[in-house]
Amino acid sequence: MNILTPLIKETELTPNQLYLLYCIYVNEKPLHINIYAELRALKNAGCVSQEGKITEKGVEISIKLPVAKKVPKRTAIVITEECINTYLEIFPKGKLPSGRQARADKRNIKINLEWFFKTYQYDWDTVIKATQLYVDEYERKNFLYMKTSQYFISKMNPDRSRDSELANYCSQIITGDYQDDSNHFSEKVV
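Cut-offs applied
- Residues numbered from 1 in each chain as written.
- Predicted model: local features only at pLDDT ≥ 70, side-chain atom pairs only at ≥ 80, totals over all residues.
- Heavy atoms only, no water.
- Phe/Tyr/Trp six-rings, centres within 6.5 Å; stacked < 30°, edge-to-face > 60°.
- Buried < 20%, exposed > 50% of the residue type's maximum accessible area, 1.4 Å probe, protein only.
- Lys NZ or Arg CZ within 6 Å of the ring centre and 35° of its normal.
- Helix = DSSP H or I, 4+ residues; strand = E, 2+ residues; numbered from the N terminus.
- Contact = heavy atoms within 4.5 Å.
- Axes fitted to C-alpha atoms, helices over the stretch in contact; angles between N-to-C directions.
- Parallel < 35°, antiparallel > 145°, perpendicular 65-115°, else oblique.
- Left-handed = near helix turned anticlockwise from the far one by under 90°.
- Nonpolar A, V, L, I, M, F, W, Y, C, P; charged D, E, K, R; others polar.
- Expected span 1.5 Å × (residues − 1).
- Polar contact = N/O pair within 3.5 Å; in protein donor to acceptor, adjacent residues only side chain to side chain.

## Structural notes on the packing of aromatic side chains
Alright, step 1. If you walk through the whole model with that rule in mind, you get 12 aromatic pairs.
Alright, step 2. The interplanar angle of 20 degrees and the centroid separation of 6.2 Å between the aromatic rings of F116 and Y122 together place this pair among those described as stacked.
Alright, step 3. Assessed through its relative accessible area of 0%, F116 is described here as buried.
Alright, step 4. Taken together, the ring pairs connect Y87, F91, Y134, Y138, F152 and Y169 into an aromatic cluster.
Alright, step 5. Stacked on the ring of Y138, the Lys or Arg K141 has its end atom at 4.9 Å from the ring centre.

Dropping the structure here:
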């Protein structure tokens, strides 16, 4: 709170007013304050216009807030047919031991990838590396219990929540928390 004390004295705004100004600046919904009373005070102070838009004065104050750094928006990843083909080619052709096709329909893949990129902040290269890691891991096990290309991205649970094994593998790629077992050998003893 010591950080805000000079700003409170300088601007003559209350902590709640500074909080609401911050929320307007970063486009977040404010919580646990009387928005209307604080907004009226911000309008009277000239920090917010009558339409509820932040003014120059409001921006100048917001920049001084220790937490009010504008977060750059994520760039949308365009999912082209080439991207889908690259993703699907990593999976084996034909059926898995479960009896399901390893490669799902391109339309289903596109829908699931769109959901994935809206939900998670991984880039396309990480997705490809994670997918390759997953398929390589299961190839050594003869694809036993491997998920299809669609369910690897997103699987709907009975409670309507979604799981993403792809997100788990992307996290492993980012953190480097995986082991390369490619030089592992096994010998069957009879």
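## Overview of unusual backbone geometry
Alright, step 1. One non-glycine residue, N142, adopts positive backbone phi at about 60 degrees.
Alright, step 2. The topology assignment puts N142 in the loop between α7 (124-139) and α8 (149-153).
Alright, step 3. Note on N142: relative accessible area 62%, which makes it exposed.

## Thoughts on the side chain of Q17
Alright, step 1. Checked against the element boundaries, Q17 lands in helix α2 (residues 15-26).
Alright, step 2. Discounting residues that sit within four places of it in the chain, Q17 has contacts with E12, E38, A41 and L42.

## Section: the packing of helix α5 (residues 81-90) against α7
Alright, step 1. Direction vectors running N to C along α5 and α7 enclose 20 degrees, while the axes themselves pass 9 Å from each other. Viewed along their axes, α5 and α7 adopt a mutual orientation that is roughly parallel. With respect to the hand of their crossing, α5 and α7 are arranged in right-handed fashion. Each of C83, T86, Y87 and I90 in α5 lies in contact with α7, whose residues at this interface are W124, I128, T131, Q132 and V135.
Alright, step 2. Its residues assigned to classes, the contact of α5 with α7 shows 6 nonpolar, 3 polar and no charged.

## Some points on helix α6 (residues 106-119)
Spacing of three or four residues puts side chains on the same side of an α-helix, whose turn is 3.6 residues.
Alright, step 1. Taking 1.5 Å of rise per residue, 14 residues should cover 20 Å, and α6 covers 20 Å from first to last C-alpha, within 8% of that figure.
Alright, step 2. Along α6, the residues that are buried comprise I109, N112, L113, W115, F116 and F117.
Alright, step 3. Lining the buried residues of α6 we find α5, α7, α8, β2 (162-163) and α9 (165-175).
Alright, step 4. For α6, the N-terminal capping position is held by D105, with its side-chain oxygen 3.1 Å away from the main-chain nitrogen of R107.

## Some points on the environment of F152
Alright, step 1. Considering the arrangement of structural elements, one finds F152 in helix α8.
Alright, step 2. With 13 residues separating them in the primary sequence, F152 and E165 have C-alpha atoms 5.3 Å apart.
Alright, step 3. The residues contacting F152, other than those within four sequence positions of it, are Y87, F91, A130, T131, Y134, K147, S164, E165, L166 and Y169.

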